[in-house]
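The primary structure of each chain is shown beneath.
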Number of protein chains: 2
Amino acid sequence: MSLNEKEFVKEVTPRAVDFSQWYIDLVLKTELMDYAPIKGCMAIRPYGYAIWENMQQLLDKRIKATGHQNAYFPLFIPQSLLQKEAEHVEGFAPEVALVTHGGDEKLNEPLVVRPTSEAIICSMYAKWVQSWRDLPLLINQWCNVVRWEKTTRPFLRTSEFLWQEGHTVHATEEEAEEETLKMLGVYKDFVETELAVPVISGLKTEREKFAGALKTYTIEALMADGKALQAGTSHNLGQHFSRVFGIQYLDTDKQLKYAWQTSWGVSTRLIGAVIMVHGDDRGLKLPPQIAPVQAVIVPIITKKKREEVFEKCRELKTKLAPKTRVQLDDREGYSAGWKFNEWEMKGVPLRLEVGPRDLERGVVTVVRRDTGEKSTIPAGELPQRLPHILKEIQDNLFRQALAFREENTHFVQNYAEFQEILQEKMGLIKAFWCGDAACEEKIKDETKATIRCIPLEPEQKEKGACLFCGKENNRMVYFARAY
Amino acid sequence: MSLNEKEFVKEVTPRAVDFSQWYIDLVLKTELMDYAPIKGCMAIRPYGYAIWENMQQLLDKRIKATGHQNAYFPLFIPQSLLQKEAEHVEGFAPEVALVTHGGDEKLNEPLVVRPTSEAIICSMYAKWVQSWRDLPLLINQWCNVVRWEKTTRPFLRTSEFLWQEGHTVHATEEEAEEETLKMLGVYKDFVETELAVPVISGLKTEREKFAGALKTYTIEALMADGKALQAGTSHNLGQHFSRVFGIQYLDTDKQLKYAWQTSWGVSTRLIGAVIMVHGDDRGLKLPPQIAPVQAVIVPIITKKKREEVFEKCRELKTKLAPKTRVQLDDREGYSAGWKFNEWEMKGVPLRLEVGPRDLERGVVTVVRRDTGEKSTIPAGELPQRLPHILKEIQDNLFRQALAFREENTHFVQNYAEFQEILQEKMGLIKAFWCGDAACEEKIKDETKATIRCIPLEPEQKEKGACLFCGKENNRMVYFARAY
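## Brief notes about the overall build of chain A
No. 1: The secondary structure content of chain A amounts to 15 helices and 25 strands.
No. 2: Taken over C-alpha atoms, the radius of gyration comes to 25 Å for chain A, in line with the 23 Å a tight globule of 483 residues would show.
No. 3: When the backbone C-alpha atoms are referred to their principal axes, chain A occupies close to 85 × 60 × 45 Å.
No. 4: Classification of the 483 residues of chain A by burial places 47% in the buried group.

This is the structure in structure tokens:
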């Protein structure tokens, strides 16, 4: 094995040449995933799945801390159940996978492979919710879902994907709205703190909301190519589902009332967000909080000091392991330079080099993936200092992503400028919109830009003219082309 | 709300009257699961799912400690892939669910919803395994699988269930066999240590082995009704799959060789094992290691000391929480007696009663679910002592289960006695078997008893006559009726 170092990197298309190809090259080359022999499906390889496991753990903790419990509901939904809520079926029916045969027999009724679980969960909740004492019902599920997508893209849009979906039931409209916003806040905190991806919280327009929801809130992130990505959604379902599924509770006033519901989810597409926000031409840059390997030790071997170097590396690993996810790359037959490139591409936040000279001086050479900065640190100080350096990297990644978003957010007051920006640099575009779905639709048809959200905390209170029709209004929204 | 205490318990059928009904009553009444509106499918409710989460965590740690990484493979398998391995398809084809339509269109080739993932995983491994450097490949997946079962039973046999499936690739036959046995050992340790369920390790007969395997090893447990349950299996797949899927590696000697493989799995059926091994007429008895709630605090309220008692309970909860999964049952409108019964039924290992008299004496009344034993412990000592008491309960549950198994294991030398035992008390029956599948088959047809396993460590080396045909041999096996 003697791959040329430059060749190794050359296999990934530069971002500036073709962002899409850069992304595909990277997810394959870093072994995050691989294509499977089923249309639009992928295998998530161990390195990619370990990122997902870290995300799961950090989010699950937050979901439980806010009083939710996990459960598991069936994969299959009888077609008639999915059809109960009119908007819901309209939104999902065109993209479902249907099971028509089971155990060699044709089924009386086809089963839908869940594209989302409102229908099956509501059919159970109708049994479980009887009295005000049963409320609120706060349940979450981690599972796979299937949506038969026409065009797919690893992590961002696949026919099968992994996600969590929370489904809650409340006594009042106010409580449901409070829950919807609380979980949006949990998502924002999780994505910004752990993934170092800044997001804008807002409300979806009627046109963009979840099929069956009263209101959909979203967190939106800006990718490095100037396109937006919906990173998570939280829906206030109102009584849409409780009325068709008969989720009623006997209130303290002895009246039977329809319950109020929410649902909310984030998925493995967040892995795509992390790649597209932080990555560069040298590869991934993983935020330390979710990196499967936070620091990799690479021994610099010379013939003479071989055993001493290895010994020091093993010792270092043992000392760092309690507080840091550390790996020792002791593979034979690969040059140190080759290993440097590989771990850089894999986005490991810190590289620790240990060579004969470091050994003599009692230091370790520490290289940051985010800045490329190189420093030497006394070996004895490393266990204490590493967590702080990792924290600095995490913060720096967030700062850089935030700065990028700010540079690429444009306030626009006329449609020509709007079109020009979309043509040239994309990014997020803040503009006034009259609230009319017709204007929204025409803008989308002409520019492929959609309203990402009506921000929860608008910065400007003043009025302005609708980008498209010119009607005066005070609704400032974010537009972007999106994944 | 004022349910009579006796009524509460009366809703569960006594074990001696109808074990099957007792089981069903219990899983529904304790809210472990509920039936879903799809044939043979269930919803795992939060209390049941929390048991599964604890099991997952404890087993996942062991799987990773033995060098395996988690990954995720597609839910769907093209029918042609499943058909590649002849025995495999013969075993699974009759019980698969088929997706024939996706996104409103008929598919060119039906997709099988995975009943197990050998086929799809091997199709990926054929790409990933190229060189001896890629071996061993040690991957595990946590997921749902679907087998269209004719008769179903909560947790024990459902059309969809949750499990983990390990799939490994090795350079040599010896390594594959070593891995197969290593994971069997991991399962045995996990089930005995964490679930307090004693198991017998052994080899399946040709008739009972996994469809497509060279050899199947199993751990078998004895349920309280005298029936056996296969609690986990580990398969040496030989080169069966590598040959049909083309999993080849270039060895150090420059020769292209077919790899050797294993697969192994345990599922949510383990929840059923825990219920049937430990439960009694008062309800579940959960081993502390996997109990969602290890200790429940029940306030004994009188009008006068109400606030003081609640205050003490909250304080106790805070002090116990760092080391114990503790819950305070502060629900209003339920009597203490009603709560006692409910938590007993839910199998919580310890009940902590705090009443006005306990308050005065500075003690807490501690009641063990496994023995019913009541003691008073100074409140200040509780945080230190509770983990020890929980350990005692865990050990005691295992001892009781082991004693039960020993009492219900019978060594039998003639067929009449064999039939009599199966008629009267069941249990595990040790007997000699000639090794002929015909004898095995006839015994099954006549008695419904199957060979559970050929134990790994036979206790007796001597020879004996085959239970059915009388032929002299030295193969001692375990028979039982099984779930």
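Structure's up, so let's keep going.
## Considering the domain arrangement of chain A
Residues and elements named next belong to chain A.
No. 1: Once the domains are mapped, chain A shows domain 1 (5-278), domain 2 (295-389) and domain 3 (409-480).
No. 2: If you average the C-alpha positions of domain 1 and of domain 3, the two centres end up 27 Å apart.
No. 3: Residue-level contacts link 15 residues of domain 1 with 15 residues of domain 3.
No. 4: Here the side of domain 1 that touches domain 3 takes 4 residues from strand β9 (residues 200-203), the largest share from any one element.
No. 5: Grouping the amino acids of the side of domain 1 that touches domain 3 by side-chain chemistry returns 4 nonpolar, 5 polar and 6 charged.

## Describing the sheet that holds strand β11 (residues 228-238) of chain B
No. 1: Spatially, the 11 strands line up as an open sheet ordered β3-β7-β8-β14-β11-β10-β9-β22-β25-β21-β20 (chain B), and their pairing is mixed. Across the chains shown, the open sheet's two edge strands, defined by having one partner strand only, are β3 (69-70) and β20 (409-411) of chain B.

## Observations concerning the confidence of the model for chain A
Residues and elements named next belong to chain A.
No. 1: In this model, chain A carries a mean pLDDT of 95, and residues with pLDDT of at least 70 account for 97%.
No. 2: Every residue in residues 1-5 is under pLDDT 50, and counting partners more than four places away or in other chains gives 7 contacts.
No. 3: The ipTM value of the predicted complex is 0.96, and its pTM value is 0.96.

## Points about unusual backbone geometry
No. 1: Going from A:L135 to A:P136, the amide bond is cis rather than trans, its omega being -10°.
No. 2: Tracing the backbone shows A:P136 in the loop between α6 (118-128) and β7 (137-146).
No. 3: Not every positive phi belongs to a glycine, and B:D104 is a case in point at roughly 75°.
No. 4: Looking at the secondary structure, you find B:D104 in the loop between β5 (97-102) and β6 (105-113).

## Side note on the packing of helix α3 (residues 46-65) of chain B against helix α7 (residues 173-194) of chain B
When two helices pack together, their arrangement is captured by the angle between the axes and the distance separating the axes.
Residue and element names in this part refer to chain B.
No. 1: For the pair α3 and α7, the least separation of the axes is 10 Å and the interaxial angle reads 145°. Here α3 and α7 pass one another in a crossing that is right-handed. Mapping the contact onto sequence places M55, L58, L59 and R62 in α3 and V186, F190 and E194 in α7.
No. 2: For the contact of α3 with α7, the per-class residue count stands at 5 nonpolar, no polar and 2 charged.

## Quick notes on the sheet that holds strand β15 (residues 295-299) of chain B
All names here are of chain B.
No. 1: Here 5 strands make up an open sheet; going across it, the order is β16-β15-β17-β18-β19 and the pairing mixed. Looking at the sheet topology across the chains shown, the edges are occupied by β16 (326-328) and β19 (374-378). Put simply, the sheet's adjacent strands are angled 25° from each other on average, direction ignored.
No. 2: As paired strands, strand β18 (residues 363-368) and β19 are joined by 5 bridges and run antiparallel to one another. Note on β19: the bridge partner recorded for V367 is K374.

## Details of the environment of A:E53
Residue and element names in this part refer to chain A.
No. 1: Relative to the helices and strands, E53 resides in helix α3 (residues 46-65).
No. 2: Assessed through the 17 C-beta atoms surrounding it within 10 Å, E53 is described here as partly exposed.
No. 3: The sequence separation of E53 and I290 amounts to 237 residues, and the corresponding C-alpha distance is 8.5 Å.

## Comments concerning the interface of chain B and chain A
No. 1: With 44 residues of chain B at the contact, the number on the chain A side is 44 residues.
No. 2: Ranked by residue count, the leading element in the side of chain B that touches chain A is β5(B), at 6 residues.
No. 3: Its residues assigned to classes, the side of chain B that touches chain A shows 29 nonpolar, 8 polar and 7 charged.
No. 4: In terms of strand pairing, strand β5 (residues 97-102) of chain A meets β5(B) through 5 bridges, oriented antiparallel. The residue bridging A:G102 from the neighbouring strand is B:A97, located in β5(B).

## Some thoughts on the pairing of strand β19 (residues 374-378) of chain A
No. 1: Across the 5 residues of β19(A), 0 count as buried, placing the element largely on the outside.
No. 2: Count of turn residues in the strand β18 (residues 363-368) of chain A/β19(A) antiparallel hairpin: 5 residues, of which A:G372 carries a positive phi of about 80°.

## Comments concerning the relation of the copies chain B and chain A
No. 1: Of the transformation placing chain B onto chain A, the axial shift is 0.0 Å and the rotation is 180°, giving an RMSD of 0.0 Å. Both chain copies can therefore be described as sitting about a two-fold axis. Relative to the rotation axis, the C-alpha of B:V99 is the closest in chain B, positioned 2.1 Å from it.
No. 2: In this assembly the copies share their binding face: 100% of the residues contributing to the interface of chain B also contribute to that of chain A.

## Looking at helix α13 (residues 382-407) of chain A
No. 1: With 26 residues, α13(A) should cover 38 Å at 1.5 Å per step; its first-to-last C-alpha distance of 36 Å lies within 8% of that length.
No. 2: Where α13(A) is concerned, the buried positions are A:L386, A:I389, A:L390, A:I393, A:Q394, A:L397, A:A401 and A:R405.

## As for the environment of A:G232
Residue and element names in this part refer to chain A.
No. 1: Mapped onto the elements, G232 comes out in strand β11 (residues 228-238).
No. 2: Classification of G232 as buried rests on a count of 28 C-beta atoms within 10 Å.
No. 3: Sequence separation of G232 and A16 is 216 residues, and the distance between their C-alpha atoms is 28 Å.
No. 4: Those residues in contact with G232 that lie beyond four places of it in its chain are Y187, V191, I219, G265 and V266.

The rules behind these values
- Residues numbered from 1 in each chain as written.
- Chains lettered and ligands numbered in written order.
- Predicted model: local features only at pLDDT ≥ 70, side-chain atom pairs only at ≥ 80, totals over all residues.
- Helix = DSSP H or I, 4+ residues; strand = E, 2+ residues; numbered from the N terminus.
- Rg over C-alpha atoms; globule rule 2.2 N^0.38 Å.
- Buried ≥ 20, exposed ≤ 12 C-beta atoms within 10 Å, placed from the backbone.
- Domains from an automatic or database assignment.
- Contact = placed C-beta atoms within 7 Å.
- Nonpolar A, V, L, I, M, F, W, Y, C, P; charged D, E, K, R; others polar.
- Pairing = 2+ DSSP bridges.
- pLDDT = per-residue confidence, 0-100.
- Axes fitted to C-alpha atoms, helices over the stretch in contact; angles between N-to-C directions.
- Left-handed = near helix turned anticlockwise from the far one by under 90°.
- Least-squares fit on C-alpha atoms with pLDDT ≥ 70 in both.
- Expected span 1.5 Å × (residues − 1).

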